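# Structural overview for review
So you can see what is in the structure, the chains are spelled out below.
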Amino acid sequence: MPDQDHPLRDRTVLISGASRGIGAAIAVAAAEQGANVVLLAKTDAPHPRLPGTVHTAAAEVEAAGGRAAAVVGDVRREEDVARAVATAIERFGGIDVCVNNAGAIATEPTEALTIKRFDLLHEINVRGTFLLTTACLPHLRKSANPHVLSISPPVNLAPHWLGAHPAYTQSKYAMTLLSQGWAAEFGAAGIGFNCLWPQTFIATSAVAALEDGAEQLASARSPRIMADAAVAITAQPASVVTGRCFLDAEAVTRFAGIDDLSRYGGGEHPTRDLFVD
């Protein structure tokens, strides 16, 4: 019988970009539910300015009550993704949840964006999402409640978003369109495909490292809201909750019954995130 209080108990979650920030927070929240967590990330050694590695994240998972496997690798590389999937199968016997969290951001206007940065956006955001998802699919088909969750935004076609940073916007919207397409393509297989995006800025170490980091952090919510939302979504029946793009505040309110969002910080008027009007 499923554990109603710990719906992710003994389920295996594979997360990309999980060394810090939102990815690490999702890993810890899943671990608190008793999940096995496979963390795929490039950060093997400490960054000079950003705390956290895939190994420290794995230690946090185990401290939270889960079982962890750290895989050092790049989501753009097919062999690294295959190794992460193989690790999940060898260590934990399957994959129940795939979280496409790894992402690149470059918000320069078109004439200022180098082709190298353009390629990076699409290699990580689009290619990485496609690679990890397709590698997980054969194993998700065997799960009792399989989910794929992509950290990507609602497709907002307002000109002020389309014109702000077209290359970055297109790469993130591509993740969402892939997810919605897969929800239709694999609907009969009972795999849930959904997207999750922060309603507000999220207080990560990357934000803290910005020149105006202290000011940004004051109006940003904790990564925990994204983690709670991710756990709540992937605990739902996959055949019912699919093809959706949730904001974190909506997901925790609807699925986790959390109405008071002040627990996540950000003050009375947290700053809205990109693509959220």
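Each remark here, short or long, concerns the structure printed above.
On a predicted model such as this, the values are computed, not experimentally measured, just so you know.

The next point concerns the nonpolar core. If you look at the biggest cluster of nonpolar residues, it comprises 84 residues, and the most contacted ones within it are Leu39 and Leu196. Contact partners of Leu196, with chain neighbours within four places excluded, come to Leu149, Ser150, Ile151, Ser152, Met226, Ala229, Ala230, Ile233, Phe246, Leu247 and Asp248.

The next thing to look at is the pattern of salt bridges. Applying the stated rule across the entire model yields 8 salt bridges. Between Arg76 and Asp74 there is a salt bridge, with the nearest N and O atoms lying 2.8 Å from each other. A salt bridge links Asp228 to Arg224; its shortest N-O distance comes to 2.7 Å. On the criterion of helical spacing, the pair formed by Asp228 and Arg224 is a turn pair, its members being 4 residues apart in helix α9 (residues 224-234). The class for Asp228 is buried, based on a relative accessible area of 16%. Residue class for Arg224 comes out partly exposed when judged on its relative accessible area of 29%. Within this structure, Arg77, Glu79, Asp80 and Arg83 form a network of salt bridges that share partners.

Cut-offs applied
- One numbering rule holds for all chains: residues counted from 1, following each sequence as written.
- The predicted origin of the model limits local features to residues at a pLDDT of at least 70 and limits the giving and counting of side-chain atom pairs to 80 or more, whereas totals for whole chains, interfaces and linings rest on all residues.
- Heavy atoms throughout the structure, all of them, feed into the side-chain values; hydrogens and water do not.
- Nonpolar cores are built from buried Ala, Val, Leu, Ile, Met, Phe, Trp, Tyr and Cys residues. Side-chain atoms within 4.5 Å join them into one set.
- Residue burial is assigned from relative accessible area. The probe radius is 1.4 Å, only protein chains are included, and a residue is buried under 20% of its type maximum, exposed over 50%, and partly exposed in between.
- Note on contacts: a residue pair qualifies if any of its non-hydrogen atoms lie within 4.5 Å across the two residues.
- Basic side-chain nitrogens of Lys or Arg form a salt bridge, by our definition, when they fall within 4 Å of a carboxyl oxygen of Asp or Glu.
- Secondary structure elements follow DSSP: runs of H or I no shorter than four residues count as helices, runs of E no shorter than two count as strands, and numbering proceeds from the N terminus.

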